[in-house]
Amino acid sequence: MAKGFVKKALSPREEKEAKLLKRSVLKNFQHLEDPRVARTRQHNLVDIVTVSLLAVLCGADGCVAIETYGLALQSWLERFLELPNGIPSHDTIGRVLGLLDRLDHGSWDFSVGLQS
């Protein structure tokens, strides 16, 4: 969220949903190792991965589409993601996802939450 703007107050129901979403996102993605150099990180890895995953589930077919999705739903995403510098650019998204693609995904467990 841009500095100087006040966050919209959430209803009790929205607050509960935001807490649930935040807890779920952290549970599933906080274990990811960030492959970036620490001094160059302007966006949280969990934020980038979450926005990317949600965008792809909604039909995004590339980094520009992921960025567009994030910008369109930024106020909703800010309810459960930190987004300290807003939505990452498509270049940042592509670079980070490219770095993650080179890592061993054996430790990624995307089946969590999909069990019946």
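For the structure itself, consult the block above.
As the structure is a prediction and not an experimental result, all values here were calculated from the model.

Another point: the overall build of the protein chain. What the protein chain contains, in helices and strands, is 5 helices and 0 strands. Counting all 116 residues of the protein chain, 31% fall into the buried class. Put simply, of all contacts in the protein chain between residues at least 6 apart along the chain, 59% involve residues at least 24 apart. Here the protein chain displays about 7,900 Å² of accessible surface, and carbon together with sulfur accounts for 55% of that area.

What follows covers the packing of helix α1 (residues 12-29) against helix α2 (residues 45-57). It is the contact of α1 with α2, at a shortest axis distance of 10 Å, that shows an interaxial angle of 105°. With respect to α2, the element α1 is oriented roughly perpendicular. On α2, the residues touching Val25, Leu26 and Phe29 of α1 are Val46, Val49, Thr50 and Leu53.

On the secondary structure map, Cys63 appears in helix α3 (residues 63-72). Look at Cys63 and you get partly exposed, because its relative accessible area is 26%. In this structure the C-alpha to C-alpha distance between Cys63 and Asp91, which are 28 residues apart in sequence, comes to 7.4 Å. Excluding residues within four positions of it along the chain, Cys63 makes contact with His90, Ile93 and Gly94.

A separate point is the side chain of Thr92. With respect to the helices, strands and loops of the structure, Thr92 is situated in helix α5 (residues 90-101). Residue Thr92 is classed as buried on the basis of its relative accessible area of 15%. The residues touching Thr92, leaving out its near neighbours within four places in the chain, are His43 and Ile48.

What follows covers the packing of aromatic side chains. Overall, the coordinates contain 1 aromatic pair when judged by the stated rule. Centre to centre, the rings of Trp76 and Phe80 are 4.9 Å apart; their planes meet at 75°, and the pair counts as edge-to-face. On the basis of relative accessibility, which here comes to 31%, the residue Trp76 falls in the partly exposed class. A relative accessible area of 4% places Phe80 in the buried class.

Since one α-helical turn is 3.6 residues long, residues separated by three or four positions face the same way. Its 13 residues give α2 an end-to-end C-alpha distance of 18 Å, which sits within 8% of 18 Å, the value for a rise of 1.5 Å per residue. Turning to α2, its buried residues are Leu45, Val46, Asp47, Ile48, Val49, Thr50, Val51, Ser52 and Ala55. Residues of α2 that are buried sit in contact with α1, α3, α4 (74-77) and α5. Just downstream of α2 lies Gly59, where phi reads positive at about 110°.

Analysis parameters
- Residues numbered from 1 in each chain as written.
- Predicted model: local features only at pLDDT ≥ 70, side-chain atom pairs only at ≥ 80, totals over all residues.
- Heavy atoms only, no water.
- Helix = DSSP H or I, 4+ residues; strand = E, 2+ residues; numbered from the N terminus.
- Buried < 20%, exposed > 50% of the residue type's maximum accessible area, 1.4 Å probe, protein only.
- Contact = heavy atoms within 4.5 Å.
- Areas by Shrake-Rupley, 256 points an atom, 1.4 Å probe, with all protein chains shown as cover.
- Axes fitted to C-alpha atoms, helices over the stretch in contact; angles between N-to-C directions.
- Parallel < 35°, antiparallel > 145°, perpendicular 65-115°, else oblique.
- Phe/Tyr/Trp six-rings, centres within 6.5 Å; stacked < 30°, edge-to-face > 60°.
- Expected span 1.5 Å × (residues − 1).

Function-wise, these values are silent; they only describe arrangement.
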